[in-house]
Each structure stands twice: as structure tokens, then as C-alpha cells.
Amino acid sequence: MAVGVLALQGSFREHIACLRKLGVEAMEVRKPEQLEGLAGLIIPGGESTTMAKLAEHYHLFPALREFGTSGKPIWGTCAGLIFLADKAVGQKAGGQDLLGGLDCTVHRNFFGCQLNSFETQLPVPALVSEEGGPSSFRAVFIRAPAITEAGPSVEVLAEYTVPSNFQASSLDQVEGQEELQKVIVAVRQKNLMATAFHPELTSDMRWHRYFLKMVNGDKNLESRKESSMMGLPQVKDLPIFREADHLSFDNDCDQG
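Residues numbered from 1 in each chain as written. Predicted model: local features only at pLDDT ≥ 70, side-chain atom pairs only at ≥ 80, totals over all residues. Heavy atoms only, no water.

Trainee: Talk me through the overall build of the protein; I want residue IDs and the actual numbers.
Mentor: Of regular secondary structure, the protein possesses seven helices and 12 strands. For the protein, long-range pairs separated by at least 24 residues make up 72% of all intrachain contacts whose partners lie at least 6 apart in sequence. Accessible surface, the protein: about 12,000 Å² in total, of which carbon and sulfur atoms supply 48%. (Helix = DSSP H or I, 4+ residues; strand = E, 2+ residues; numbered from the N terminus. Contact = heavy atoms within 4.5 Å. Areas by Shrake-Rupley, 256 points an atom, 1.4 Å probe, with all protein chains shown as cover.)

Here's what the structure looks like:
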């Protein structure tokens, strides 16, 4: 079983490292023909506009859409979530191409610019029910989007409680913003999964294991993981960001 990682830009190397830790063959994807024979695909976090332009340059959009409509699993993280959404708001003038497929609306820069990046212990009951482990997941949000609306066929896997001092000026394109207390940050709809944060930047493999079950069920996954981890030292998470005391959303720090 081979799983591809879209390798145009962003954190594709980190996803590949996670897959290989789990004993899965991981392939970099930059051209349409490289999708052939893959069992699943990860669209990593990065700069979504740049990724979209590169995907258009390499004529990847038709092949990516065909891959998704064929029923093969696709997981988008951060910028990948934006790619998979049917609708995105908060974009720059002219917007960007979307693959679509997830019946949801994504606010592209919901959490602000680079300086507003943060990490938090995110409650993940849906993940725990499948993979066990701690009740929360150390979620790293880097210039992150958020899902503000989701259709009835979308399964919500995790939500983030918006801080009370959250500046409403960032929600100028979100309907019902006065009632918004939580935003959706992880979802699944049929063969598509998306997270607004970056699981590949931690040593907790549960989201990758969850996705691999979508790709190939849980057959032989535990034995592959055990054999691949034999002899490896224990990996501990390193601090990447500290949660800011407040969030600020200046108009000049939009994601590119």
C-alpha cells in the first residue's frame, strides 16, 4: 500500500516521515501520473494560494478531482482543508481554485497571521474512540483556517472553543458571528478528511493512523507500526509555538 503526499510546497516531508514511522510506503506527488496506483493522498499544510498556482501549473487539478471522486481517501491539513472545501471565504482578490468535495465553508485566515499561531490541547473524543490514547491532542495551528459551516453529511471530529477575547473583526465574512462560540477544526465526509491544524508536527501518530484506517482499514496496521518502531528512541514533542495571550487580526497579515 502506497500513500501519496502532495509535494508542491509546505510540510510534505513531515507527513512522509510520519507515514514511514508507521511502516507505510510514502510517495511525493508533483505530477498527475504520480497519483496512479496510490491508495490515498495527503494534501499538507503550507501556503494555499502558492499551492493552488503550482497545482494549476502542473495540470494537477483534473487528476486530483478524479482521485477524490474515485473514492480514494484524501486528507487535507490546514491549507489542504481549504483545498477540499466547497466554499472558502477570506481569500485575496481573485480567489483560488478549490478541489471541493467537503460540504463546508472555510474561513481561510480565521485565526489570523503568522504571529497568531498557537498550540493547544484540543479535545478529540472521536479520535479517542477509534485510536485510544489521551483525551486531548496537542494541536498546532499555524495561520490556520477554520470551518464555520458544515453540511449534514459532514462528521465533526473536533471543535475549538473560541476565546472570549476573540476579535470579531476577523469574522466579517462569517454569518451568525454574534453567536459563534465554537468552530470546527476536524471533519470527515465519506472518503475525505480534513484538519485545520498540523498533526505532522507532533509525535502523536493517532490522526495518521486514523487516516490509514480509511485507506486500508486496520488490517495489519498494528503489526506494521510495531515492527517499524522497533529499536527507535522515544520521540518527545518539542515546543513549536506558545499560545498567545490574545489574538489580533490585522488586515495586512493575510495568508498569501
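Trainee: Outline the packing of aromatic side chains, supporting the account with residue identities and numerical values.
Mentor: By convention here, two paired aromatic rings are described through the distance between centres and the angle between planes. Tallying each qualifying case throughout the model produces 14 aromatic pairs. With 4.9 Å between their ring centres and 10 degrees between their planes, Phe118 and Phe141 make a pair best called stacked. Of the two residues, Phe118 sits in strand 7 (residues 118–123) while Phe141 sits in strand 8 (residues 136–141), which places them 23 residues apart along the sequence. For the ring pair Phe141 and Tyr160, a centre distance of 5.8 Å and an interplane angle of 45 degrees mean the geometry is tilted. With Phe141 in strand 8 and Tyr160 in strand 10 (residues 155–161), this residue pair connects regions lying 19 residues apart in the sequence. A relative accessible area of 1% places Phe141 in the buried class. (Phe/Tyr/Trp six-rings, centres within 6.5 Å; stacked < 30°, edge-to-face > 60°. Buried < 20%, exposed > 50% of the residue type's maximum accessible area, 1.4 Å probe, protein only.)

Trainee: Please set out helix 3 (residues 61–69) residue by residue, giving values where relevant.
Mentor: Taken together, the buried positions of helix 3 are Phe61, Ala63, Leu64, Phe67 and Gly68. Projection of helix 3 onto a plane perpendicular to its axis shows the buried side chains occupying an angular sector of 165 degrees, all on one side. Residues of helix 3 that are exposed and point more than 90 degrees away from the buried face comprise Pro62, Glu66 and Thr69. Where helix 3 is buried, its residues contact strand 3 (40–43), helix 2 (48–57), strand 4 (74–77) and helix 4 (79–84). Positive phi shows up at Gly71, right after helix 3, with a value of about 100 degrees. (Arc of directions from axis to C-beta.)

Trainee: Before we move on, can you summarise helix 2 with the specific residues and values?
Mentor: Listing the buried residues of helix 2 in full gives Ser48, Thr49, Met51, Ala52 and Ala55. In an axial view of helix 2, the angular spread of the buried residues amounts to 160 degrees, which keeps them on one side of the axis. Facing away from the buried side of helix 2 by more than 90 degrees, the exposed set consists of Lys53 and His57. Structurally, helix 2 contributes buried residues whose contacts are with strand 1 (2–6), strand 3, helix 3 and helix 4. Between the side-chain oxygen of the N-cap and the backbone nitrogen of Thr49 there are 3.2 Å, and the N-cap of helix 2 in question is Glu47. (Polar contact = N/O pair within 3.5 Å; in protein donor to acceptor, adjacent residues only side chain to side chain.)

Trainee: Describe in detail the environment of Gly90, supporting the description with residues and values.
Mentor: Take Gly90: it is sitting in the loop between strand 5 (85–89) and strand 6 (102–107). On a C-alpha basis, the gap between Gly90 and Phe110 in space is 7.9 Å, while along the polypeptide they are 20 residues apart.

Trainee: Can you explain the confidence of the model for the protein? Please cite residues and give values.
Mentor: Scored by pLDDT, the protein has a mean of 82; 76% of the residues are at 70 or more. Low pLDDT, under 50, characterises residues 168–173; the stretch is placed with 12 contacts to residues that sit more than four places away or in other chains. In this model, residues 219–256 is a region of pLDDT below 50 whose contacts with residues beyond four sequence positions or in other chains number 79 contacts. (pLDDT = per-residue confidence, 0-100.)

Trainee: Outline the environment of Pro44, listing residues and values.
Mentor: If you trace the backbone, Pro44 turns up in the loop between strand 3 and helix 2. According to the relative accessible area criterion, Pro44 is buried, its value standing at 0%. Through-space distance from the C-alpha of Pro44 to that of His15 is 7.4 Å; in sequence the pair is 29 residues apart. Here Pro44 is in contact with Val5, Leu6, Gln9, Ser11, Phe12, His15, Met51, Thr77, Ala79 and Gly80, once residues within four sequence places are set aside.

Trainee: So, unusual backbone geometry: which residues are in play, and what are the values?
Mentor: Its identity is not glycine, yet His59 carries a phi of approximately 55 degrees, on the positive side. At Cys78, a residue that is not glycine, the phi angle is positive and equals roughly 55 degrees. Inspection of the secondary structure puts Cys78 in the loop between strand 4 and helix 4.

Trainee: Break down the nonpolar core for me, citing the residues and quoting the values.
Mentor: Ranked by size, the top nonpolar core spans 76 residues in total, and within it Ile43, Phe111, Phe141, Val185, Phe197 and Trp207 carry the most contacts. The residues touching Val185, leaving out its near neighbours within four places in the chain, are Leu122, Phe141, Ala158, Glu159, Tyr160, Ala194, Thr195, Ala196 and Phe197. (Core = buried A, V, L, I, M, F, W, Y, C linked by side-chain atoms within 4.5 Å.)

Trainee: Provide a residue-level description of the pattern of salt bridges, including the pertinent values.
Mentor: In a structure, side chains of opposite charge can pair up when their charged atoms sit close to one another. Counted by the stated rule, this structure contains six salt bridges. Residues Glu28 and Arg30 are paired through a salt bridge, measuring 2.7 Å at the closest nitrogen-oxygen approach. Judged by relative accessible area, which is 35%, Glu28 ranks as partly exposed. Note that Lys213 is salt-bridged to Glu131, the shortest N-O span being 3.2 Å. Pair noted here: Lys213 is in helix 6 (residues 206–216) and Glu131 is in helix 5 (residues 125–131), with a separation of 82 residues, a long-range link. One salt-bridge network, held together by shared partners, links Glu131, Arg209 and Lys213. (Salt bridge = Lys/Arg side-chain N within 4 Å of Asp/Glu carboxyl O.)

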